[in-house]
Amino acid sequence: MADTFYITTPLYYVNDAPHIGHMYTTVAADVISRWRRLKGHDVHFLTGTDEHGQKVLRAAEARGLTAQAHVDELVQRFVALWDRLDITCDDFIRTTEERHVGVVQQVLTELYERGDIYKESYSGWYSTSEERFWTEKDVVEGEDGTKLCPASMKPVEWIEEENYFFKMSDYADQLRAHLEANPDWVRPQARRNELIGALKKEVGDLCVTRPKTRLPWGIEVPFDNDYVTYVWFDALLNYVSAVGLKSDPDELSKRWPADYQLLGKDILTTHTIYWGCMLFAMGLEPAKCLYAHGWWTVEGRKMGKSLGNVVDPHLLIDAYGSDSVRYVLMGEKSFGGDGDFSHRSFQLRYNADLADKIGNLAHRALSMTQKWLGGRVPALDANRAEDDTLQAEVSAAVADFDAAVEAVQYKVALEALVRIARAGNEYVQAQEPWALNRKGETERLAGVMRRTLELCRITGTLLAPFCPRKSSELLARLGVEEPGLAGLERLDGLVEGTELTHGEPLFPRMQELPETIAAALSAVEGETRTKTAPKKPKKPKKPKKPKKEQYDMIEFDDFTKVQLRTGRVVSAEGHPNADRLLLLKVDVGEGEPRTVVAGIAQRYAPDDLVGKDVVVVVNLKPAKLRGILSEGMLLAAGGGTVVALATTSEPVDPGTVVR
Ligand code: MSP
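Here we summarise the structure given alongside this text. (Residues numbered from 1 in each chain as written. Predicted model: local features only at pLDDT ≥ 70, side-chain atom pairs only at ≥ 80, totals over all residues. Heavy atoms only, no water.)

**Description of the overall build of the protein chain**
Each helix and strand in the protein chain was counted, giving 22 helices and 26 strands. For the C-alpha atoms alone, the extent of the protein chain along its principal axes is close to 85 × 70 × 50 Å. The burial tally for the protein chain puts 50% of its 659 residues in the buried class. For the protein chain, the share of sequence-separated contacts (at least 6 apart) that also reach a separation of at least 24 residues comes to 74%. (Helix = DSSP H or I, 4+ residues; strand = E, 2+ residues; numbered from the N terminus. Buried < 20%, exposed > 50% of the residue type's maximum accessible area, 1.4 Å probe, protein only. Contact = heavy atoms within 4.5 Å.)

Here's what the structure looks like:
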């Protein structure tokens, strides 16, 4: 029997317009699902929508619709987006579906009959925006004394009512023991530590109902129809209602516990404490791994309504194509950490990885084979030492890729993939097929091109989970119909004589931002300017003064040893062997410009720099950086991560002394 693999995403609030955060988790689940399917595993990938609750009801009322009609319409936005992003979920569950509602009601009845759910009077501060109660010590006092919800900063109401409670506290010790015994249950480690901290405190019982008088839009409580089920208790159960709880025990035991539950770090408590205790109460185990990803900011700011437009999923897909969006989202930040989405960085990553490495390799391999070898897969020649080295590098990278995808470390996986493309480009450079062709060394030329084409097959296959369309396109050009993992890493998988198709560049270089993106960006920038203009500028916080004694003091004479001059950037381009470096020609007033290798590629695109007057250390001993001799150093703010280059306030002649 094939290995089984079950993965889930959170159920997204159907009321929300799908955004980059939703897209991120769903693509992440799709990547490993596709990879496991390639391995022949029996995959079940579940996503869906969370459709009950106050906010949904209010929005429906505002539109003059029934709640059901409202959600039936809104869910389509998620369905349509997943379709455009080539999401291969095996099931899409909605919490208003009968198959889910029935299970929630059965679970409630069972727990109630067993005494795990009891009724009690309750009072507290209720936040409609978050749909939860807060205690006195949790709420925040607003400027006019209004009590505010600490999560949404919206007003809370004091509510006293009878409700049903789940005896969560009874399962807290079991949960603590589970956490202790399963180091990989919650990842990354920082989130696990947070949970360890939270579980040191007492775990209370969970209010699992809402009176219908206040909230009629929810799953009716079967033993008391004055109440509906609390949205979280309802929604969390989807992970098992979708795979046979109360309907198909075989399916349930085949799927549960899930291999991965992916979620954002903001909903870790509900997924560990609430969900963990609920599972124990039902006699089930928690999922093998709950992996909480970080938070996206956009263009350096918290995602808000106006800023959200800049990363509207459809705008991104229209402008960049779904494959590139998938690739950059997965490669830009490590899964557990926070990250910033900026269009500039998008362009840099796209160009550096997809256009310059993977696309370039494919273009070279196919066009050279076309030109010199009749456009068919050529024969291999006997391996030379450099071919063995290439094979070893590729085998290691494929193994790294696999391990990283399995661990949902997609940034690492894509680095391994790019390593293969880079090795391929370097191999072509070193073997000089053009020279072999000129000299008539046809056998070696064929062997070199064959290995280069094999590298295209390997990168094309590894691209499959991330960029399914481009992957199929590349493999089709190589005459490979179905990507397969058997013998993937070996440089002899193609069939000799197969006809190749050259075609247009797979990932054309992005010279500038697409017009729609540039327009969206400047609209937001204009808006923030007008919004902030009338306000009195806030007094800037005084930066903490660094203490004198923190520094190693030097004499004036020591300082004068460092010779600084202004330099004008004459040209700039990417470093051929390092994504972080740029290669600049800088005029420092010596006639011939100097070559300066600078670690600023993450911050600046080459075109941003030409014409700038920068500050150069001109008497630093030249040093080779990734194979290229740098004859100076630029000054920049930011220490390890460059935030801004030091430039002059006015244009000055190149070579002017800086003191
Ligand atoms: N409906 C609940 C989940 C119930 S699961 C049984 C919910 N929905 S949500 O639509 O608000 O959020 C869904 C996911 O989107 C969460 O994992 C959340 O972390 C994620 N994101 C929302 N904004 C985000 C960012 N700015 N960045 C990354 N992900 C974020 O919570």
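On we go from here.
**Quick look at the pairing of strand E8 (residues 157–166)**
As paired strands, strand E4 (residues 117–127) and E8 are joined by 10 bridges and run antiparallel to one another. Directly across from Tyr118, in E8, lies its bridge partner Phe165. (Pairing = 2+ DSSP bridges.)

**Examining the pairing of strand E20 (residues 613–617)**
Side-chain positions along a regular strand alternate between the two faces of the sheet. Counting buried positions along E20 gives five out of five residues, so the element sits mostly inside the fold. The side-chain alternation of E20 yields two buried faces, one formed by Asp613, Val615 and Val617 and the other by Val614 and Val616. In this sheet, E20 lies alongside strand E17 (residues 564–575) in antiparallel orientation, the contact comprising five bridges. Bridging across to E20, Leu564 finds its partner in Val617. Bridge count between E20 and strand E23 (residues 633–634): two bridges; the pairing is antiparallel. Paired with Val616 across the two strands is Leu634, which belongs to E23.

**Describing the environment of Thr269**
Within the secondary structure, Thr269 sits in helix H10 (residues 268–281). Look at Thr269 and you get partly exposed, because its relative accessible area is 43%. It is 38 Å that separates the C-alpha atoms of Thr269 and Leu485, two residues lying 216 residues apart in sequence.

**Some details on the site of the ligand**
Lining the immediate environment of the ligand, one finds 24 residues, of which Leu11, Asp50, Gly264, Asp266 and Trp296 sit closest. A distance of 3.2 Å separates an oxygen atom of the ligand from a polar side-chain atom of His22. Take Asp50: an N or O atom from its side chain is 2.8 Å from a nitrogen atom of the ligand. When the ligand sits alone it has 660 Å² of accessible area, and the protein chains cover 94% of it. Where the shell around the ligand is concerned, the elements lending two or more residues are strand E1 (4–13), helix H1 (20–38), helix H7 (231–236), helix H8 (238–241) and strand E13 (260–264). No other element matches E1, which puts four residues into the shell around the ligand. (Near = heavy atom within 4 Å. Polar contact = N/O pair within 3.5 Å; in protein donor to acceptor, adjacent residues only side chain to side chain. Areas by Shrake-Rupley, 256 points an atom, 1.4 Å probe, with all protein chains shown as cover.)

**Some words on the sheet that holds strand E5 (residues 132–134)**
The four strands lie next to each other as E5-E4-E8-E10, forming an open sheet whose pairing is antiparallel. Every interior strand has two partners, whereas the edge strands, E5 and strand E10 (206–207), have only one. As paired elements, E4 and E5 share three bridges and run antiparallel to each other. Among the inter-strand pairings, Ser127 is bridged to a residue of E5, identified as Arg132.

**Overview of the sheet that holds strand E2 (residues 42–50)**
Strand pairing in a sheet takes place through backbone hydrogen bonds and is either antiparallel or parallel in direction. Strand order in the open sheet formed by six strands is E3-E2-E1-E13-E14-E9, and the pairing between neighbours is parallel. Looking along the sheet, the strands with just one partner apiece sit at the ends: strand E3 (91–94) and strand E9 (186–187). Bridge analysis of E2 against E3 gives four bridges, and the strand direction is parallel. Bridged to Thr47 within E3 is Phe92.

**Topic: H1**
The first and last C-alpha atoms of H1 sit 27 Å apart over 19 residues, in line with the 27 Å expected at 1.5 Å per residue. Here H1 lies mainly inside the structure; 17 of its 19 residues are buried. Looking one or two residues past H1, Gly40 carries a phi angle of roughly 90°, positive in sign. (Expected span 1.5 Å × (residues − 1).)

**Concerning empty space enclosed by the protein**
Across all of its chains, the model carries one cavity of 30 Å³ or more by this definition. Size it by volume and the largest cavity reaches roughly 30 Å³. What lines the largest cavity is simply Gly359, Ala362, His363, Leu366, Arg477, His502, Glu504, Pro505 and Leu506. Residue composition of the lining of the largest cavity, by class: four nonpolar, three polar and two charged. (1 Å grid on protein atoms, 1.4 Å probe; cavity = no way out; pocket = protein on both sides within 12 Å on 5 of 7 lines; lining within 4 Å. Points joined across faces, edges and corners; volume = space filled by probe spheres on them. Nonpolar A, V, L, I, M, F, W, Y, C, P; charged D, E, K, R; others polar.)

**A word on the side chain of His22**
Mapped onto the fold, His22 is located in helix H1. Excluding anything up to four places from it in sequence, His22 contacts Tyr12, Asp16, Ala17, Phe78 and Trp82.

**Brief notes about the packing of H1 against helix H13 (residues 322–332)**
Here H1 crosses H13 at 95°, and the two axes come no closer than 10 Å. Considering the angle they form, H1 stands roughly perpendicular to H13. On H13, the residues that touch Ile20, Met23, Tyr24, Val27, Ala28, Asp30, Val31 and Arg34 of H1 are Val325, Arg326, Leu329 and Met330. Here the contact of H1 with H13 is built from residues that sort into nine nonpolar, no polar and three charged. (Axes fitted to C-alpha atoms, helices over the stretch in contact; angles between N-to-C directions. Parallel < 35°, antiparallel > 145°, perpendicular 65-115°, else oblique.)

**Remarks on H10**
The end-to-end C-alpha separation of H10 is 19 Å, in line with the 20 Å expected for 14 residues at 1.5 Å each. Along its length, H10 shows its largest kink, about 30°, at Trp275. For H10, the tally of buried residues reaches 13 of 14 residues, placing the bulk of the element in the interior. Phi for Gly283, located one or two positions after H10, is positive at around 75°. (Bend = angle between axes of the 7 residues up to and from the residue.)

**Notes on the packing of aromatic side chains**
Applying the stated criterion across every chain, the model contains 28 aromatic pairs. Centroid distance Trp35 to Phe401: 5.1 Å. Interplanar angle 75°. Geometry classified as edge-to-face. Here Phe401 lies in helix H15 (residues 385–406) and Trp35 lies in helix H1, a separation of 366 residues in the sequence. Each member of the pair, Trp35 together with Phe401, is buried. Ring geometry for Tyr112 against Phe223: centres 3.8 Å apart, planes inclined by 5°, an arrangement best described as stacked. Of the two residues, Tyr112 sits in helix H4 (residues 98–113) while Phe223 sits in the loop between strand E11 (209–211) and strand E12 (227–229), which places them 111 residues apart along the sequence. Judged by relative accessible area, which is 33%, Tyr112 ranks as partly exposed. (Phe/Tyr/Trp six-rings, centres within 6.5 Å; stacked < 30°, edge-to-face > 60°.)

**Considerations on the environment of Trp372**
Tracing the sequence through the fold places Trp372 in helix H14 (residues 343–373). For Trp372, a relative accessible area of 22% gives the class partly exposed. When the C-alpha positions of Trp372 and Glu160 are compared, they lie 83 Å apart, and in sequence the two are 212 residues distant. Leave out the neighbours within four places in its chain, and Trp372 touches Pro433, Trp434, Asn437 and Leu445.

**Thoughts on the pattern of salt bridges**
According to the stated counting rule, one finds 46 salt bridges in the structure shown. For the salt bridge of Asp72 with Arg94, the shortest nitrogen-to-oxygen distance reads 2.7 Å. Within this pair, whereas Asp72 is found in helix H3 (residues 67–84), its partner Arg94 is found in strand E3, the two being separated by 22 residues in sequence. In this structure, the salt-bridge partner of Lys147 is Glu136, at a minimum N-O distance of 3.2 Å. Separated by 11 residues along the polypeptide, Lys147 in strand E7 (residues 147–148) and Glu136 in the loop between E5 and strand E6 (140–141) bring together distant segments of the chain. Under the relative-accessibility criterion, Glu136 is labelled partly exposed at 46%. (Salt bridge = Lys/Arg side-chain N within 4 Å of Asp/Glu carboxyl O.)

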